[in-house]
Every structure is written in structure tokens, then in C-alpha cells.
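# Chain and residue survey
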Amino acid sequence: MNDSKDQGSGLSRRDFLQGSSVAAAATALGAPTLPGLAAQPGGNDKAPPAMGPAAVRITLNVNGVKMTNRVEPRVTLLDALRNYLNVTGCKRVCDRGTCGACTVLLDGKPVYSCSMLALEAQGKPIRTAESLVQGEKLDAVPAAFARYDAQQCGFCTPGFVVAMKAVLEQNPKATPAEVEKGLAGNICRCGTYEQMRDAIYALCNQRRS
Amino acid sequence: MPWPTTRRVIGTKVPRLDAPYKATGRAKYSFDINREGMLHARILRCPYAHARVKSIDTAAAEKITGYRAQHAFVKPGAELFFAGAEVIAIAADTEEHADDVLHAIRVDYQELPYLVKEADALRAKEGTLGAPSNVTVAGDFVTNNFEKLAYQGVAQPVEATYGIPVICHQCLESHGLVAEWDKEQNNLTVYASTQNVAGLPPQLGQYFKIPATRIKCITWYMGGGFGSKFNPGPEGIAAAVMARAARAPVKLMLDRAEEVSVGGQRPSAAGTIKIAATKAGDLKAFEADMYGSPGVGNGATVNFREMPYVYSGVPNLNIKTRARVVRLNIQTARAMRAPGHPQMCFITDQAMDDLAARLNMDPLRLRLRNLPPNDANAVKTAPTSLNAVRHTIYTREIDIARKLSNWDKVWHPPGKSDGPIKHGIGMALHTWGGSGGPNNDVKVTISQDGSVLVQCSTQDLGTAERTVLAIVVAEILGLNPSDITVEIGESQFGRSTPSGGSTTCPGTAPAALNAATAARDAFLTAIAPRLPGTPQVGDLSIEPGRIRIRGNETPIPWRQACSRLGQNTPAVGNGNWTQGLSNRGVGGIQIAEVKVDTETGVVRCTKVVAVQDCGLIINKQGCESQVAGGVIMGVNYALFEEAIFDKNTGRQVNPDMEFYKLGGIQDMPNIVVHMMDMPERGVIGIGEPPTISTAAAIGNAVFNALGVRVPHAPYTPERVLAALAGRKAGN
């Protein structure tokens, strides 16, 4: 668990990209025209410390538990959570910061975990939807989702729950319209918005009374 | 046994049992399955809309760190007909290495001519899909003496063209599975995102030439299925092949670009309609010349025999229809939530409103006047069939929707709305089948500790299927749905039919009723001799939470009664679907309101009233959620969704979620759902009907707002402004 010296969190994405292969998850459709593997690391001594392409040890603080594994520097926070730490509540859907299914709380703020590197998330508390239940007791937000049937297939749901939790934590007096605004970065395909609104109204009323 | 006539749980609002798992990320979807030593796989796809594979070179790829296996879908020389067609799959130890391996594969192609736009294909002199032309006639139909009768005594006919584009399923959990063979390589387990849990083992068995009994499919949770997930797909086959070759589990889930460009499309539809009625509004003539694209598939995209949609049963209506199939070098169409119906509804119902405007009639009155009558023959022979009650159902539904939408006050003649932001209201009708059928096995087990287990191999697409089974069993056993443990989504639980055509609830709810009844009887038979006074089985009855012995004042609580069962001899009941408990055929009406900004062209849908029947309602909450979800999918269809293809590259330019638009919560109208409960009709499916008429109703609302028809959906600002300016919108 004592891995903090392995990697600081002060490395910028640009520095990282200079010393590694292409980070973006590229579409396979374009594969024949995409660049191949990046040049081997090394070279200029004055360049920032090159990392990768080999895996490095990282530690993430997920739902109050320190989790460690070896991942390549190019791995996103989302993929580190799902593929290397088996934390699968955050979902991979668009994989490029549009749909919100991968939303997690990083230091209390909602972020698209598909759009940041796992390395960048070290040292900050990460909370996923899995943290919103103690034993069988649900946090008020997922409880409202359950009570008002604000999920169908449920694949987008943890992202919505986390985003809604973030809005209400930042502004406990938020109005339903403000909560809806906080969910503008999340997309549902089954069409659960009407039931989600019932959940939002109930949550806002609970807090006011 | 028939459905109970007094119902304590059935038809009430029951929150879905698995919601606490879904809402906290604990529900395990196929995409979430991580197995020990699991490999990650990806597929290299053809980047051209039409090409011949000249060579495939994997030499460099096989040297990449982590490479483990490959599976070629095609050989050099193969002709591929759309961008996204599978070429070769590879597996590696990590997703990152799988990407590296994929990018190191070299494939040379010879590019060939292609067509990706309907208009281009209609004009083209040569076909690009191996036939002389990409355009074929799916069929035509004409009523007797059409030319002579159709336009006799009619007011001036209306002729116009309407169109709606190809859209994509956009399942949030993409297609794919995790495949794992046992050590001896004899038995295969797949964790698949599928609508067909019981159907995957035989399909995979056929490929691998092994008995289906050696294959197990597990789908505990699946993230969206709208008709595109009935088979393992090339991705599933590739995963299983590579898992066997590499002797390790393989996960292969499509990425977003793949999901959109090969994961299923709903065909486009366009139709030139000529419609006429008498001055009083009696429909006399309906002519439709339609076309649409199933992509590289060659199935018909609309049913020419069902036009005009809903009104084809109007007596003395002269009908002439033709449907053409315009094949394109894009992914093949797959069934998508009420295949063909949203398109037929869109084309028919907008012509109805244009006709109403021509006749200076309220379109609601025009519809009431032309509803197909209850079929006298059906009333005698099949009194609960849709044909026997369709006029009654639609009339009632229209009346309810009219009140809920305040139609009589809110409707105004087209274009008669003040200010730059115009208000409009419009309606449309729909119909669907939704029958249940045999081959659905449900097993109910009552144990000594009072627990009740229900097992069925069926899947939950988001329909609250677990809750459906629990409700039915709870009703019969005098328990609450939350007292019941439901296990679904594992093929070894027996037979179940694929979830398509809105058949799952009407297929499994009757089976659950029969299984629960059998379990109850077995239970009472087992405990009767062990109860005080050794009553006869016929003296026992179930009340909520307890067992009543005739003549005995003190009932026995459920758990206490169950304790009389032997420890290893639970009471078990098996049941299958039987005739008479389910039905088919529903109506439905939707009324939409919009605000259209005539300066920016932005359309906002503000309210949708949806009135829907589905026979006997099992879970009112689940039904309302399905209807609201269907409406939302329809709002997306009307306002946002379009698969856009670039004729210069032959590729879809928006295989994603940022340029392929789906509305968020702030884009959605207030939705008012009214469920008609018609228990005498039995259980009918609800998944598909409520998404059919939304787009047509919105189209009519936009027309009502503007007084000008925007001919082509989605109603983007550009198309709205073009229609207002009297010009044709760009593509």
C-alpha cells in the first residue's frame, strides 16, 4: 500500500502524452489510418520523467478503501476502476465525456472518469455509486430512485445517482430545476426521466421540510 | 386456473425489486463480469463502405506484448459491404494491449463503389450490393376498382411527402459477452448482453457443433435491448472461439463507435401520400408510395398491407400502396421497438392532419369519424380480440386523452398562434400485438423457512421482469412481492422465449400463475396432514400472510405453516404458459404539445399525454414507466436522432453520443400516462406500443404550431426554418 513515492500526482497530461503512446481510446473503425505505437520512451535527459508504456503501480482511494494495482499510465480512471480494481458501478458507455454513465465523485466533485487518467486521481478520495449503501440501508438518493422507479435497464443509473448526489451535497436546498440542470451531463436511453423527476421532487421536498 | 377476480397485488404499483442494486452500482451486467485471467478482445473493422480485402497481415500484431489469440471473420478476397463489417478479432491480456495489437494489424483493401444515401440509390444506374439495382419493390396492394371509386365524391385530395431517417439502437450496454470454457474445453459459459438467454446456447452449440446442454448463458442484468440482441453476433462467436484457443476467459464488448455503426439500426421511411375524404370527413382514398432503407439487409421496412396504419379497416376505404426497399452500404436493419410501426404511424397520421386542415376539421374529430369499427364477426367468435373491441378502445382512449390534454381548449387551427414562439398540439394513434406464447417455464419453490424462490431463464431488459414474476407469485401465495426471491437470466432454469414483440410479460406471467398455483397446491397437500386436527386439503385456504383452516378461528401464519414442510422436501410447482391467460392487440393514443421558436427554428416538446391499454395490468408502476420511456424514445426520434452518412467517405459521421443526439432530462416534456386496465382481455405486452405514435404526434403538433408541414424528421432548427421559408432543407 506504500506506493505514494512511485508516482506523484503532479504530472500533467501533456507531459504524460509526450512519454507514452496515444492515450485516447481510438475507434477500431479508423484503425488502418491511426498512428501505430509511439516511440520508445527515453531520449532527452531534461524532458519530464517518461512513464510507460509499461505498467506502473498506482493506489486509488475508492469508497474509503485504498486499492492498488499496476496499470499503464495511459489507463483512464474509469478503466482502472473497472478492469483493474473490479469497481464496476461506474459504466463505460460513450467513453468520451458525453453520456455521464462513468460519473464518480472525485474529492466531492462529479467527474467523468472516462476522461481523466487513473494517475491523476491518486491521492484524492473517489466515491462511486457503490458507496451509497450501508449494509442494506440506501442513501436517500438511490432510495428515491428505487421508490419512484427511476431506472429501467439501469446501466445509466449509477451515473445519474452520483451526479444527483453531487448536486444535493453542493446545494442541499437545490430546487428540482437546479437538480435537473446538474443532470444535464447524463443520458438515459430507456427513458426514465419522468420517474427521475418524481424522485427529484421527493428529494427536494424532504430537504425543505 | 384463470386470473383471480379480486386482486390484492396484481395491478398495483410495485417498485422494482432489483432497483436497490441497480441504483447503487451493485447489479452485475455482462460488461461488468471480470473473470480470473480474463483476456480482452477487440475487432478490426472495414473502414470502407464497400471494399474487397486484398490481404490481412497479423505478423507484427502477433509480436505485440500481451497478444494471445485471433479469429478472422473473412479471408483475403472477401467482399465487404459496409463500413464496420468485421475483418478480424484479436485477444490480449489487457484492453490496452488489445488496442496495440489491433493497430498493428495491416489490412489492404480495394475500394469499390458504394451508396449510403437513399436519394443517391434511387437515382443510381447500377447496384452496389451484388444486384443490378439497390432498389427493389417489396410489394404492392390495391383495392378493387381503385381508379374508378377512390376519388368519387371527395373534397380536394391532399398529396404530400413525409420522411424519417435511419436511427440507431444505441443500447447503453453495448453488444458482446464474456466467454469461458471449462478446463477440459467441453463446457462453455457465456455472460451475454442478450434478449434471448435461453436461445443463445443452441445458437452457440450449432456453431461449435456441441449440444446446447453443454453451454450456459448468464444474463443477470442487461443494459438495454430494443430488438438488436437476439443472437451471440460475430462478436460473441469470436470471443468464444478465442477463449477456447487461448484457454482463458475472453471479454468482447463493442465500443461506442462499433455499437452505433454495427449494433443495429431502425430503417428510414419516406412516403408520398395522397389522401381524400368527403366534405363531411369520411375517408375515401389512401394512396402511398413508400420507400426505406434496411441498409445491407433486404427486408421490407414497412408493411404495405397495413397502410393506412390503424385505419386500414375503415369500410369502403379505397387503398393503393407500394413499398420499395432501398438497400444501402450501411449496417443491416434490426428489429427496433415495434419494427415498422413508428414509421407507418408517422407517414399515415401526418397525412390525416394535413387532410383535416384541408377539410377545415379538428383532426381529433376526423379521427373519431374514421375509426375502424368493431368487427361484428370477431364480436361473436372472439369477443376479447382487438378487432372485436378496437372501436370501443380507441373511442374511450381518445376521450380520456382529450380531457387530459384539454384538447378542446388548447387546439387551434394550424398556424393560428400568436408571437414568434408558436404553440402547437397534435395527436396520433397506434396499435401493436404483444402476445404471449408457449415455452416459458417457471418454477416456484416454497421452503420450510417460509422463503419462496421463483426461477425462470427469462431476461429483464429494463421492464421489471423480476418484479412481474414476484407479483404474480405473491398474489397466489398471499405474500408481498418483496417476500419473493426471483432468479432469472440463467439458461439452466429451463425454456423461455426471446424478449421481442412485447411478449415477455404475457409469456411468463401466465407461467408464473400456473407454477404458483401448482406450488400452492403441493404446499397445502404436504402440510394438511401435519396441521392440528389433520384437515383435508380442501379445508385450507390462503389469506394474506396466513393459512386458514375451515372451521378453525385461528389462522396459521405463513412461516409457521411452512415449518410443517420437511427440511429437504420443499413444495415445488412448475408452470408453463397456457392459452386464455394472455391476449394480443392493443390500441393507444398520444397527444403532444410543442413550442416552436420561429426565429431560431428550435422545437421544444412541452407535454405528452399517453393513453394506453395492455389488457390485465400486472405492475402498474412498471407499465407507467414503460409508457413514459416509450414516449421519451419517441421524442428523441422526432427531435434529435439521425444516423448521418457521408457520401464522400461512405461512413457514418456520428457513431457516438455527442453528434448522435439523445435528449437529456431538461429536453423532455411533462409526460402524463393513463393506463387502461382491461382485465377481461388477459395479459398483453407493453414494451413497444407506447413508442410508436409519439413522433407522429409531435410532427402534427409542429404543423399545428406553424401552419406549415416540416416534411422530414428529426425537426432540427434547419429543417424548421427551411419549411418556414418554403424551401427544401439540406440533407
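Residues numbered from 1 in each chain as written. Chains lettered and ligands numbered in written order. Predicted model: local features only at pLDDT ≥ 70, side-chain atom pairs only at ≥ 80, totals over all residues.

### Side note on the overall build of chain A
A count of helices and strands for chain A gives six helices and seven strands. Listing each helix as α and each strand as β along chain A from the N terminus yields α-β-β-α-β-β-β-β-β-α-α-α-α. Buried positions account for 54% of the 209 residues belonging to chain A. Sequence separation of at least 24 residues holds for 58% of the intrachain contacts in chain A that already meet a minimum separation of 6. (Helix = DSSP H or I, 4+ residues; strand = E, 2+ residues; numbered from the N terminus. Buried ≥ 20, exposed ≤ 12 C-beta atoms within 10 Å, placed from the backbone. Contact = placed C-beta atoms within 7 Å.)

### Structural notes on the overall build of chain B
A count of helical and extended segments in chain B gives 19 helices and 28 strands. Against the globule reference of 27 Å for 731 residues, chain B gives a C-alpha radius of gyration of 28 Å, in line with a compact fold. Taking the principal axes of the C-alpha coordinates as reference, chain B spans close to 85 × 70 × 50 Å. Long-range pairs, those at least 24 residues apart, make up 80% of the contacts in chain B with a sequence separation of at least 6. (Rg over C-alpha atoms; globule rule 2.2 N^0.38 Å.)

### Overview of the environment of Pro157(B)
Within the fold, Pro157(B) resides in the loop between helix H5 (146-149) and strand S8 (158-164). Remark: the alpha-carbon pair of Pro157(B) and Ile273(B), spanning 116 residues in sequence, is separated by 10.0 Å.

### Points about unusual backbone geometry
Most peptide bonds take the trans configuration, and most residues that are not glycine carry a negative phi. All names here are of chain B. The residue after Met-307, namely Pro-308, is reached through a cis peptide bond having omega -5 degrees. By the secondary structure assignment, Pro-308 is in the loop between strand S16 (283-292) and strand S17 (318-326). A cis amide bond links Ala-713 to the next residue, Pro-714, at an omega of -5 degrees. Inspection of the secondary structure assignment puts Pro-714 in the loop between helix H18 (694-706) and helix H19 (717-724).

### Observations concerning the sheet that holds strand S23 (residues 546-549) of chain B
Residue and element names in this part refer to chain B. Spatially, S22-S23-S24 is the arrangement adopted by the three strands of the open sheet, whose pairing is antiparallel. Of all strands in the sheet, those with a lone pairing partner are strand S22 (540-543) and strand S24 (556-557), marking the two edges. Pairing between S22 and S23: four bridges, direction antiparallel. Bridge pairing links Glu-543 to Arg-546 in S23. (Pairing = 2+ DSSP bridges.)

### Overview of the interface of chain B and chain A
Every contact between the two is made by 61 residues of chain B and, on the other side, 59 residues of chain A. Of all the secondary-structure elements, those providing two or more residues to the side of chain B that touches chain A are helix H1 (19-22), strand S1 (39-45), helix H3 (95-104), helix H8 (256-262) and helix H17 (620-639) of chain B. No other element matches the eight residues that H17(B) contributes to the side of chain B that touches chain A. Here the side of chain B that touches chain A is composed, by residue class, of 28 nonpolar, 16 polar and 17 charged. (Nonpolar A, V, L, I, M, F, W, Y, C, P; charged D, E, K, R; others polar.)

### Quick word on the sheet that holds strand S4 (residues 79-80) of chain B
Whenever strands of a sheet pair, they do so through backbone hydrogen bonds, lying parallel or antiparallel. Residue and element names in this part refer to chain B. An order of S4-S2-S6 is seen for the three strands of this open sheet, with the pairing classed as antiparallel. The open sheet is flanked by S4 and strand S6 (106-111), the only strands paired with a single partner. Pairing of strand S2 (residues 51-57) with S6, which is carried by six bridges, proceeds in the antiparallel orientation. Each residue of the ladder has a partner; that of Ile-56, found in S6, is Val-107.

### What to know about the nonpolar core
Residue and element names in this part refer to chain B. Counting 305 residues, the largest nonpolar core has Ile-90, Val-250, Val-472 and Val-473 as the members making the most contacts within it. In terms of residues, this core owes the most to one element, helix H15 (residues 504-527), which gives 13 residues. The residues contacting Val-472, other than those within four sequence positions of it, are Ile-10, Ala-509, Ala-512, Leu-513, Ala-516 and Ile-618. (Core = buried A, V, L, I, M, F, W, Y, C linked by C-beta atoms within 7 Å.)

### Re the domain arrangement of chain B
Note on interface size: it is often stated as the accessible area lost on association of the parts. All names here are of chain B. One can read the domain layout of chain B as domain 1 (19-27 + 436-576), domain 2 (33-112 + 175-253) and domain 3 (344-434 + 584-724). Each of domain 1 and domain 2 was reduced to a C-alpha centroid, and the two centroids are 39 Å apart. Contacts between domain 1 and domain 2 engage 15 residues on the former and 19 residues on the latter. For the side of domain 1 that touches domain 2, the class distribution of residues is three nonpolar, ten polar and two charged. (Domains from an automatic or database assignment.)

### Details of the confidence of the model for chain A
For chain A, mean pLDDT is 83; residues scoring 70 or higher make up 77% of the total. For the stretch residues 1-43 of chain A, pLDDT sits under 50, and the model shows 74 contacts to residues farther than four places along the chain or on other chains. (pLDDT = per-residue confidence, 0-100.)

### Thoughts on the environment of Tyr201(A)
Residue and element names in this part refer to chain A. Within the secondary structure, Tyr-201 is located in helix H6 (residues 193-208). The exposure class assigned to Tyr-201 is partly exposed, which follows from the 15 C-beta atoms found within 10 Å. Each C-alpha atom of the pair Tyr-201 and Lys-165 lies 14 Å from the other, and the pair is 36 residues apart in sequence.

### Thoughts on helix H2 (residues 77-84) of chain A
The periodicity of an α-helix, 3.6 residues per turn, causes residues three or four places apart in sequence to face the same way. Along H2(A), eight of the eight residues are buried, which leaves the element largely enclosed by surrounding structure. Along H2(A), the positions that sit buried rather than exposed are Leu77(A), Leu78(A), Asp79(A), Ala80(A), Leu81(A), Arg82(A), Asn83(A) and Tyr84(A). Next to the buried residues of H2(A) lie strand S1 (56-62) and strand S2 (65-71) of chain A together with H3 of chain B. Asn86(A), located one to two residues past H2(A), shows a positive phi value of around 55 degrees.

### Quick word on the packing of helix H14 (residues 465-477) of chain B against H15(B)
Residue and element names in this part refer to chain B. Two elements in contact, H14 and H15, have axes separated by 9 Å at closest approach and are oriented at 35 degrees. Judged by the sense of rotation from one axis to the other, the crossing of H14 with H15 is right-handed. Along its contact with H14, which presents Glu-465, Val-468, Leu-469, Val-472, Val-473, Ile-476 and Leu-477, the element H15 presents Thr-504, Cys-505, Thr-508, Ala-509, Ala-512, Leu-513, Ala-516, Thr-517 and Arg-520. Here the residues of the contact of H14 with H15 are counted per class, giving eleven nonpolar, three polar and two charged. (Axes fitted to C-alpha atoms, helices over the stretch in contact; angles between N-to-C directions. Left-handed = near helix turned anticlockwise from the far one by under 90°.)

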